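# Coordinates in review
What follows is the residue order along each chain.
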Amino acid sequence: MKKNLLKQPLKVTLLSAILLALFQILAVSALAEGPVIEEKTWNGHIWRYDPIVSKTLNAPALATTVEILVDWGWSGSPGQKQTNEEFEVRLPNGQVIQCDDYGDEELEGQWIRCGSTKFEWDNNLDLVVVFTGDNSSSGSHLFRVTVRWYGSPPSSKLQVTVDCTGAHFSGETNYPMDLIYKLSDGQQATVRVEDEFSEKVEWNPQIDGSYGPHNVSAEAELVFEGQILSSDRDSNDQLICGSVPVPSELQVTVDCTGARFSGKADHPMDLMYKLSDGQQATVRVEDEFSERVEWNPQIDGS
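Scoring rules and cut-offs
- Residues numbered from 1 in each chain as written.
- Predicted model: local features only at pLDDT ≥ 70, side-chain atom pairs only at ≥ 80, totals over all residues.
- Heavy atoms only, no water.
- Phe/Tyr/Trp six-rings, centres within 6.5 Å; stacked < 30°, edge-to-face > 60°.
- Helix = DSSP H or I, 4+ residues; strand = E, 2+ residues; numbered from the N terminus.
- Buried < 20%, exposed > 50% of the residue type's maximum accessible area, 1.4 Å probe, protein only.
- Salt bridge = Lys/Arg side-chain N within 4 Å of Asp/Glu carboxyl O.
- Pairing = 2+ DSSP bridges.
- Axes fitted to C-alpha atoms, helices over the stretch in contact; angles between N-to-C directions.
- Patch = residues over 30% accessible without salt bridge, like charges linked within 9 Å, V, L, I, M, F, W, Y side chains within 5 Å.
- Areas by Shrake-Rupley, 256 points an atom, 1.4 Å probe, with all protein chains shown as cover.
- Lys, Arg positive; Asp, Glu negative; His and termini not counted.
- Charge placed at Lys NZ, Arg CZ, Asp CG, Glu CD.

## Section: the packing of aromatic side chains
Counted by the stated rule, this structure contains 8 aromatic pairs. Arranged with centres 5.0 Å apart and planes meeting at 75 degrees, the rings of Trp42 and Phe143 form a pair that is edge-to-face. You can see Trp42 sitting in strand β1 (residues 36–46) and its partner Phe143 sitting in strand β8 (residues 141–151), a full 101 residues away along the chain. Assigned by exposure class, Trp42 and Phe143 land together as buried.

Printed below as a string of structure tokens:
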């Protein structure tokens, strides 16, 4: 007799089923897993004349956890009745996933999930599929084993700095990620980075050799599968580039009316003055300039 999914006897009590499900949930949630980094599927036929097949899958880099899902599929000719088309999958940690005989050609083209498991594993995975029927089985049936590798959680570091030449983005990631940046001059782009990285973007137009002060900024994010893992920003609203300019001429004179400051500045700069009556201030000057400050109180006529 075939074993039908809808007609198999209840083998566990409701309480034991609940406890088993709770244990599985707790066991899975306790695993330190990151994203799925690789998935492979192994299909094949299994029967009593070729009762054992095996395969080794290499663990990808950064793998920490593996999930294995096993499916049963019908294989035969129309009208052919087969019995005890069963198999099991043996795993390197000692676990076994059993697949029963679920029916005949009414299940053609369908995959029936026998079971699954997930456990911590970072080595190569040896899989063995074993026919567990008997001599009454006249044909073969199909198996499918899906293996999902989970990696360590993604991590990243990011630093953004700006200077007279441009913006610098540096950091480190353990997976390939998108570096998304934006500069105050309007430039923006996405760059794929991995491991230790250092990216430089020059200002457009360049400001090298221009004295300033310049107001510049840059910001960036590291994004992994749509999730922002790191972000940073740097700015400078008083960026001076090139050598510090000096005035070509500065003259200070005082008379009865006040103080006079005159001269010539090759570039915009601050004129900082202080008078004997206590007045002091800073005035922005450029090119030829002349500034006059009256005494307070005035001393004219005294």
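That was the structure; now back to the text.
## Let's talk about the pattern of salt bridges
The final tally for this structure, using the stated rule, is 10 salt bridges. Between Glu219 and Arg233 there is a salt bridge, and its shortest N-O distance comes to 3.5 Å. Here Arg233 lies in strand β13 (residues 227–239) and Glu219 lies in strand β12 (residues 214–224), a separation of 14 residues in the sequence. Classification of Glu219 as partly exposed rests on a relative accessible area of 38%. The shortest N-O distance in the salt bridge between Arg284 and Asp270 comes to 3.0 Å. Taken together, the residues span a long stretch of sequence, with Arg284 in strand β16 (residues 280–294) and Asp270 in strand β15 (residues 258–274) at a distance of 14 residues. What makes Asp270 partly exposed here is its relative accessible area of 47%. Taken together, the salt bridges that share partners define one network made up of Glu39, Glu67 and Arg148.

## Some remarks on unusual backbone geometry
For the peptide bond that leads from Asn204 to Pro205, omega is 5 degrees, which places it in the cis range. Locating Pro205 in the fold gives a position in the loop between β11 (188–202) and β12. Residue Asn296 is joined to Pro297 through a cis peptide bond whose omega torsion reads 5 degrees. For Pro297, the location among the structural elements is in the segment after β16.

## Some points on the environment of Pro78
Turning to its location among the elements, Pro78 is positioned in the loop between β3 (63–73) and β4 (87–90). Exposure remark for Pro78: the relative accessible area of 74% places this residue in the exposed category. Measuring from C-alpha to C-alpha, the distance between Pro78 and Glu105 comes to 6.5 Å, with 27 residues separating the pair along the chain.

## A word on the sheet that holds β3
Taken in spatial order, the 4 strands of this open sheet run β1-β8-β3-β6, and their pairing is antiparallel. Unpaired on one side and paired on the other, β1 and β6 (111–120) mark the two borders of the sheet. Mean inter-strand twist for the sheet, computed between neighbouring axes without regard to direction, equals 15 degrees. In terms of strand pairing, β1 meets β8 through 10 bridges, oriented antiparallel.

## Description of a negative patch on the surface
On the surface, a cluster of negative charge is made up of Glu249, Asp266, Glu286, Asp287 and Glu288. Here the negative patch gets 3 residues from one element, more than from any other, and that element is β16. Among the structural elements, Asp287 can be located in strand β16.

## Notes on the pairing of β12
Most of β12 is tucked away, with 8 of its 11 residues classed as buried. As paired strands, strand β10 (residues 166–183) and β12 are joined by 6 bridges and run antiparallel to one another. From the neighbouring strand, Tyr181 faces β12, where its bridge partner is Ala220. With 10 bridges connecting them, β12 and β13 associate as antiparallel partners.

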